[in-house]
Amino acid sequence: MKAIRRFTVRTVLPEQLQPLHELALNLRWSWHPETRELFRSVDPEVWAAVGEDPVRLLGEVPATRLAALAGDRRFLRRLGDLHDDLRDYLTGPRWYQSAASLGDRNGPLPAAVAYFSPEYGIAAALPQYSGGLGILAGDHLKAASDLGVPIIGVGLFYRHGYFRQSLSRDGWQLERYPLLDPDELAVSLLRESDGSPCRVDLALPAGRTLAAHIWKAQVGRVPLLLLDSDIEPNSPADRDVTDRLYGGGSEHRLLQEMLLGIGGVRAVRTYCRLTGHLEPDVFHTNEGHAGFLGLERIRELIDRKDAAEPGLDFAAALEAVRAGTVFTTHTPVPAGIDRFDRDLVARHFSGDAALPGVPVEQVLALGAESWDGGDPKLFNMAAMGLRLAQRANGVSTLHGQVSRSMFNGLWPGFDATEVPIVSITNGVHAPTWIDPAVFQAGAAEIGLERAEDALMTGEAKRWTGLERIGNSEIWELRRTLRGQLVEEARQRLRASWRQRGAAEAELGWVSSVLDPDVLTIGFARRVPSYKRLTLMLRDRTRLRELLLHPTRPVQIVVAGKAHPADDGGKRLIQQLVAFADDPAVRHRIVFLPDYDMAMAQHLYPGCDVWLNNPLRPLEACGTSGMKAALNGCLNLSILDGWWDEWYDGQNGWAIPTADGIGSALDPDSSEAERRDDLEAAALYDLIEHQVAARFYDRGADGLPHRWIAMVRHTLVTLGPKVLAGRMVREYVERLYAPAAAARRELSGPVVLGEPSCAGARELAQWKARVREGWPGVRVEHVEAEGLAEAQELGSTLTLRVQVSLGRLDPADVEVQVVSGRVDESDAIFDGVVLQLKPTGGADLDGRHRYEGSLELSRTGPFGYTVRVLPTHRLLASPAEPGLVALPAETAGMDAGLLR
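Source: prediction; values computed, not measured.

K.L.:
Quick question: what am I supposed to make of the overall build of the protein here?
P.N.:
When you go through the protein residue by residue, the secondary structure sums to 29 helices and 30 strands. For 899 residues, the compact-globule formula gives about 29 Å, and the C-alpha radius of gyration of the protein, at 30 Å, lands near that figure. Expressed along its principal axes, the backbone C-alpha trace of the protein runs to roughly 95 × 70 × 50 Å. Burial status across the protein gives 57% buried among its 899 residues. Just so you have it, the protein exposes about 36,100 Å², and 50% of that area is on carbon and sulfur atoms. The centroid of the 99 positive side-chain charges in the protein is displaced by 3 Å from the centroid of its 120 negative side-chain charges.

And the structure:
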């Protein structure tokens, strides 16, 4: 029989043990080894049974054990020390407080930053993540906490989380969605001063209202607000809006993203009102899912009924919002972007559902695919995110380049290199992902305090001192970690086979699966087609030979989840499982279902090599390899994402790519099949002739000295680069601080407690005037003094340009010459921009003259062009307005190509 109602009965902690409750509710325990060890000591058996979850531990540990601990003076001293340590961590100054006191060229750092993401991977005990995007968001919050950055996280509370994965007997992925009870999680309900739950409401079509409560998870110093629609005022359908990650149809996803963006801003306002937390200066949207937050902030500025200053019009409100918004894109392909039917969006932002003062046509314009090849019937969330943010970034150097090309259509007339999307390469939260044994080995050489600081702040260029770790020590550490992975894999494999219907009597072979002395390769990630889970299966005979080599065997541990609606991904898993089930190789290759953070924390340290073979350049960053590198694991990867910029030939291996054969966007073509064959063959060759050969190349002392040198080099040089602390500092310095400065500039002076937004009004009016007058801007004539068929290196050209500005003023524009090397089609690449200076006023025909000198500093084919751009002190980029005037191709204009 099933219970008609479920609830949690909690153990009442003795007064002496009350600090345990505070330690359990702050998720800092998930990356603080001493606190985890304290909880383990409460009851080791229960700790293991509840999946190392402190909240569940305190709910299930016997009262007799708690009573004994309440009288254990040694335990109480440890508890008191850790409780004091947490308080110091939460209240003491950290990196950001020192940086804020120093100030910088942008002025004061933001008082607070609101960070929005659809998922967060904080700990396995709070399953609100599906993959890399969520893990990155969780690491961002943890690193911000360590650095003291005043961030407020915002997301959704999914009652079923993502899904738990198992396999059928024939290897097909099965999903189940266990119901999460908030009372069993490290979250608390945000309440008003009268004790009633806080609530945010969204107006929906046909007079409906979507209501949500707000759960708060405390991630160190960072509050994480999670909106939950599963409350009684909602209809059954609306209660399911936050049922699970990335589930449901198009309207379901739209409602999730409206609740995340619009409801999330309202949740932040509620939290700041109740707690006194400073209001955010900057809003950061992690991918386009939360893009609607900009519309709510526009509504706030327009709908200022009780303010001393009148509300702004839409154009001025848009500028004010853009100034304080940062947008991070994570997808390298258009298919990865959320796109909704335009009519569906129109229905949810008009009539009863309209945001006051925000016309639906303006909403639709923000998400319009207005570029060549765009679909006018669709609403593009990434396009809206970029239009609502003055600053944007990709998540690796290569991904920034890909993003600038992919979104070039939003800035017509500009080269992709000039699209205002910068790159901040992702990082990983080292205290979460580094194995304690690896950390202790480093701390023994450089000291505990220095080691902890190095992991958190990410300021060092090298981890100097780790060079002193001895060869035998490194090798023994690697073998120990490999052995731990072997034991973990055997336990998980046995449990998986039992779920698949095998009897215990059939599973004797599991105890000999994998070998702690064999080269171990790891591959674990989501299973979309472009990540190519089954590339290793292209030549199964060759793979078997590698696995079963008599003197240099290889073993592979594989894990990963396919999206529940992705049957293609499930077929890839089934193919891999079928191969791994073969009795001839099953001791050398295993597939472990239900990949999550708990499994990952064993996988990364235990592998010798981390394999990543996506279709280049479709991997935005690929942070799993970073976590492996932190533990001395070498990377074997396609040069994509972060590996493209940080591979140095000594920290792993680069898999050759068959660039130019097949399209990464069309994986089903015959050319794509050929590309897979070529790259798989290159992978096999690398493993056999370089990776395995080096691993098994032993000296007289039995140690692989060249391999150990690569491990040491990886720890010393790559470890400091891959840190989330480095990443968050870059966000603060390159994006948050300039965004806060721009917001202050556009907010203008405060009048009776409210910002006047004088700068926003000024910028909006200027943009409107420039757009109206831009058709009258023309480059009329260009001449170059001293131009010849061939120019000598170091010579100088004097350029004179005549420009008509129509109704605009010279102060509204900047005239530039762009010069550089040219290709066969005369396209300029590696261009250099030189501003030309006005000479005198307008002539009788109203034309303005500009001059400048162009130094010829490069040999070979060389060219230049001139252009006119709008300019204003409040623009973040010359490309921001998306306007440019170029020379007409007329016979009366001097040629701009030099050879």
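K.L.:
I would appreciate a short explanation of helix α5 (residues 63–70) in the present structure.
P.N.:
Because each turn of an α-helix spans 3.6 residues, side chains separated by three or four positions in sequence point in the same direction. Taken together, the buried positions of α5 are occupied by L66, L69 and A70. In an axial view of α5, the angular spread of the buried residues amounts to 105 degrees, which keeps them on one side of the axis. Packed against the buried residues of α5 are α2 (33–42) and α6 (73–91).

K.L.:
I would appreciate a short explanation of helix α21 (residues 540–547) in the present structure.
P.N.:
All of the buried residues along α21 are R542, L543, L546 and L547. On an axial view of α21, the arc spanned by its buried residues comes to 135 degrees, and they lie on one face. Elements in contact with the buried residues of α21: β16 (554–559), α22 (567–580), β17 (589–592) and α26 (670–695).

K.L.:
Can you help me understand the sheet that holds strand β27 (residues 837–838) in this one?
P.N.:
Sheets are built from strands that pair by backbone hydrogen bonding, the pairs being arranged parallel or antiparallel. Taken in spatial order, the four strands make up an open sheet running β23-β24-β28-β27, and their pairing is antiparallel. With partners counted over all chains shown, the strands left at the sheet margins are β23 (778–785) and β27, one partner each.

K.L.:
Any chance you could explain the packing of aromatic side chains here in plain terms?
P.N.:
A full pass over the atoms with the stated rule returns 20 aromatic pairs. Each ring, one from F292 and one from F349, has its centre 5.1 Å from the other, and the planes form 35 degrees; the classification is tilted. Residue F292 is found in the loop between β9 (282–286) and α11 (293–302), and its partner F349 is found in the loop between α13 (342–348) and α14 (360–366); the two are separated by 57 residues along the sequence. For F292, a relative accessible area of 0% corresponds to the buried category. A connected cluster of aromatic rings, assembled from ring pairs, spans W475, W653, F695, Y696 and W707.

K.L.:
Even after reading the chapter, I still don't get the nonpolar core, so can you show me in this structure?
P.N.:
As a rule of thumb, soluble globular proteins bury nonpolar side chains together. With 109 residues, the main nonpolar core has L519, M536, I556, L603, L636 and W707 as its most contacted residues. Those residues within four positions of M536 in sequence are excluded, and the remaining contacts are F523, L543, I556, V558, L576, I589, L611 and Y684. The next biggest cluster of nonpolar side chains, apart from the first, holds 97 residues, and it includes L202, A316, A346 and W766.

K.L.:
What should I look at first to understand the packing of helix α28 (residues 724–747) against helix α29 (residues 758–773) in this one?
P.N.:
The packing of two helices is summarised by the inter-axis angle and the distance between the axes. Packing of α28 against α29 leaves a shortest axis separation of 4 Å and a crossing angle of 85 degrees. In terms of orientation, α28 and α29 fall into the roughly perpendicular class. Packed against α28, whose contacting residues are E745, L746 and S747, the element α29 presents A758, G759, A760 and L763 at the interface. Split into classes, the residues belonging to the contact of α28 with α29 amount to four nonpolar, two polar and one charged.

K.L.:
Before we go on, may I ask you to explain the packing of α2 against α6 in this structure?
P.N.:
Packing of α2 against α6 brings their axes to within 11 Å, and their N-to-C directions diverge by 150 degrees. Of the possible angle classes, the one that applies to α2 and α6 is roughly antiparallel. Considering the relative orientation of α2 and α6, their crossing is left-handed. Contacts from E34, T35, E37, L38, S41 and V42 in α2 reach F75, R78, L79 and L82 in α6. Residues of the contact of α2 with α6, tallied by class, amount to five nonpolar, two polar and three charged.

K.L.:
Mind showing me how you'd approach the pattern of salt bridges here?
P.N.:
Oppositely charged side chains may form a pair once their charged atoms are brought near each other. All chains considered together, the criterion is met by 65 salt bridges. Salt-bridge contacts for R468 lead to E445; the nearest nitrogen and oxygen are separated by 3.4 Å. In this pair, R468 is assigned in the loop between α19 (448–457) and α20 (471–499) and E445 in helix α18 (residues 436–446), connecting sequence segments 23 residues apart. Classification of E445 as partly exposed rests on a relative accessible area of 24%. For D517, the salt bridge identified is with R479, shortest N-O distance 2.5 Å. Separated by 38 residues along the polypeptide, D517 in the loop between α20 and β15 (519–524) and R479 in helix α20 bring together distant segments of the chain. Residue classification places R479 among the partly exposed residues on the basis of a relative accessible area of 32%.

K.L.:
Looking at this model, I keep getting lost on the side chain of D146. Mind explaining?
P.N.:
Inspection of the secondary structure assignment puts D146 in helix α8 (residues 132–147). For the buried D146, which has no salt bridge, the nearest side chain bearing the opposite charge is R94, at an N-O separation of 5.1 Å. In contact with D146, not counting residues within four places along its chain, are W31, Y89, R94, H429, P431 and M456.

K.L.:
Is there a simple way to think about the sheet that holds β16 in this case?
P.N.:
Read from one edge to the other, the open sheet built from six strands follows the order β17-β16-β15-β18-β19-β20, with strand pairing classed as parallel. Only two strands of the sheet have a single neighbouring strand rather than two, namely β17 and β20 (652–655). Strand-to-strand twist of the sheet, defined as the mean angle between neighbouring strand axes without regard to direction, takes the value 20 degrees. With six bridges connecting them, β15 and β16 associate as parallel partners. Paired with F523 across the two strands is V558, which belongs to β16. Against the sheet, α22 contacts β16 and β17, and its axis sits at roughly 135 degrees relative to β17.

K.L.:
How should the confidence of the model for the protein be read in this particular structure?
P.N.:
In low-pLDDT regions, the fine details of the predicted coordinates are not to be read closely. For the protein, per-residue confidence averages 92 on the pLDDT scale, and 95% of positions sit at 70 or higher. Considering only residues more than four positions removed or in separate chains, one finds that residues 890–899, a stretch of pLDDT under 50, has 33 contacts.

K.L.:
Teacher, can you tell me more about the pairing of strand β7 (residues 209–219) here?
P.N.:
Among the eleven residues that make up β7, ten are buried, leaving the element largely enclosed by the rest of the structure. Alignment of strand β5 (residues 188–189) against β7, held across two bridges, turns out to be antiparallel. If you follow S188 over to β7, its bridge partner there is K216. Bridge count for strand β6 (residues 199–203) against β7 is five bridges, and the pairing is antiparallel. Within the sheet, the bridge partner assigned to L202 lies in β7 and is L210. Hairpin connection between β6 and β7: a loop of five residues separates the two successive antiparallel strands, and A206 in this loop has a positive phi of roughly 60 degrees. Pairing analysis gives seven bridges linking β7 to strand β8 (residues 222–228), with the strands arranged antiparallel. When the bridges of β8 are listed, H213 appears paired with D228. Hairpin connection from β7 to β8: two residues lie between these consecutive antiparallel strands, with G220 at a positive phi of about 65 degrees.

K.L.:
I tried to follow empty space enclosed by the protein on my own but got confused; where do I start?
P.N.:
Over the atoms rolls a probe the size of a water molecule, and in doing so it shows where empty space is left. Applying the stated criterion across every chain yields a total of eight cavities of 30 Å³ or more. Counted as a void, the largest cavity has a volume near 200 Å³. Contributing elements (two or more residues each) for the lining of the largest cavity: α18, α19, α20 and α27 (705–718). No other element matches α18, which puts six residues into the lining of the largest cavity. Taken together, the residues of the lining of the largest cavity break down into 16 nonpolar, three polar and one charged.

K.L.:
Can you help me understand a negative patch on the surface in this one?
P.N.:
Together, E34, E449, E452, D453, E459 and E733 give the surface a local cluster of negative charge. Per-element tally for the negative patch: the top contributor is α19, with three residues. Checked against the element boundaries, E449 lands in helix α19.

Reading the values: the criteria
- The residue numbers shown here count from 1 along each chain, following its written sequence.
- With the structure being a predicted model, the display of local features is reserved for residues of pLDDT at least 70 and the display and counting of side-chain atom pairs for 80 or more, all residues being used for whole-chain, interface and lining totals.
- Note: side-chain values were computed over all heavy atoms of the structure, leaving out hydrogens and water.
- Numbering of helices and strands runs from the N terminus; a helix is a DSSP stretch of H or I covering at least four residues, while a strand is a stretch of E covering at least two.
- Based on C-alpha atoms, the radius of gyration is set beside the globule rule, defined as 2.2 Å times the residue count to the power 0.38.
- Between buried and exposed lies partly exposed: a residue is buried under 20% and exposed over 50% of the maximum accessible area for its type, with that area taken using a 1.4 Å probe on protein chains only.
- Note on areas: Shrake-Rupley, 1.4 Å probe, and residue coverage restricted to the protein chains presented here.
- Charge assignment in this entry is limited to Lys and Arg as positive and Asp and Glu as negative, and neither His nor the chain termini are counted.
- Note that the charge is assigned to NZ on lysines, CZ on arginines, CG on aspartates and CD on glutamates.
- Our arc is simply the arc of the directions from the helix axis toward the C-beta atoms.
- Whether two residues are in contact is decided by their heavy atoms, any of which lying within 4.5 Å being enough.
- Only when DSSP finds a minimum of two bridges between them are two strands counted as paired.
- Side-chain rings of Phe, Tyr and Trp, where Trp is taken by its six-membered ring, are said to pair if the distance between their centres is within 6.5 Å; with planes under 30 degrees apart they count as stacked, over 60 as edge-to-face, and otherwise as tilted.
- Only buried residues count toward a nonpolar core, which is a set of Ala, Val, Leu, Ile, Met, Phe, Trp, Tyr and Cys residues joined through side-chain atoms within 4.5 Å.
- Lines are fitted to the C-alpha atoms to define the axes, a helix being fitted only along its stretch in contact, and any angle between axes, read from their N-to-C directions, falls within 0 to 180 degrees.
- With respect to orientation, any angle under 35 degrees is reported as roughly parallel, any angle over 145 as roughly antiparallel, any angle of 65 to 115 as roughly perpendicular, and every other angle as oblique.
- As a working rule, the residues Ala, Val, Leu, Ile, Met, Phe, Trp, Tyr, Cys and Pro are called nonpolar, Asp, Glu, Lys and Arg charged, and the rest polar, with Gly in that last group.
- Each helix crossing is assigned a hand: it is left-handed if the near helix lies turned anticlockwise from the far helix by less than a right angle, otherwise right-handed if that turn is clockwise.
- For salt bridges, the criterion is a side-chain nitrogen of Lys or Arg within 4 Å of an Asp or Glu carboxyl oxygen.
- A residue's pLDDT is the confidence the predictor assigns to it, expressed on a 0 to 100 scale.
- A cavity here means a set of points on a 1 Å grid, drawn over the protein atoms and nothing else, where a 1.4 Å probe fits but cannot get out; a pocket is an open set with protein on both sides within 12 Å along at least five of seven lines, and a residue lines either one if it has an atom within 4 Å of a point.
- Grid points are joined across faces, edges and corners, and a volume is the space filled by probe spheres set on the points.
- Patch membership requires over 30% relative accessible area and the absence of a salt bridge. Like charges are linked within 9 Å, and nonpolar side chains (Val, Leu, Ile, Met, Phe, Trp, Tyr) within 5 Å.

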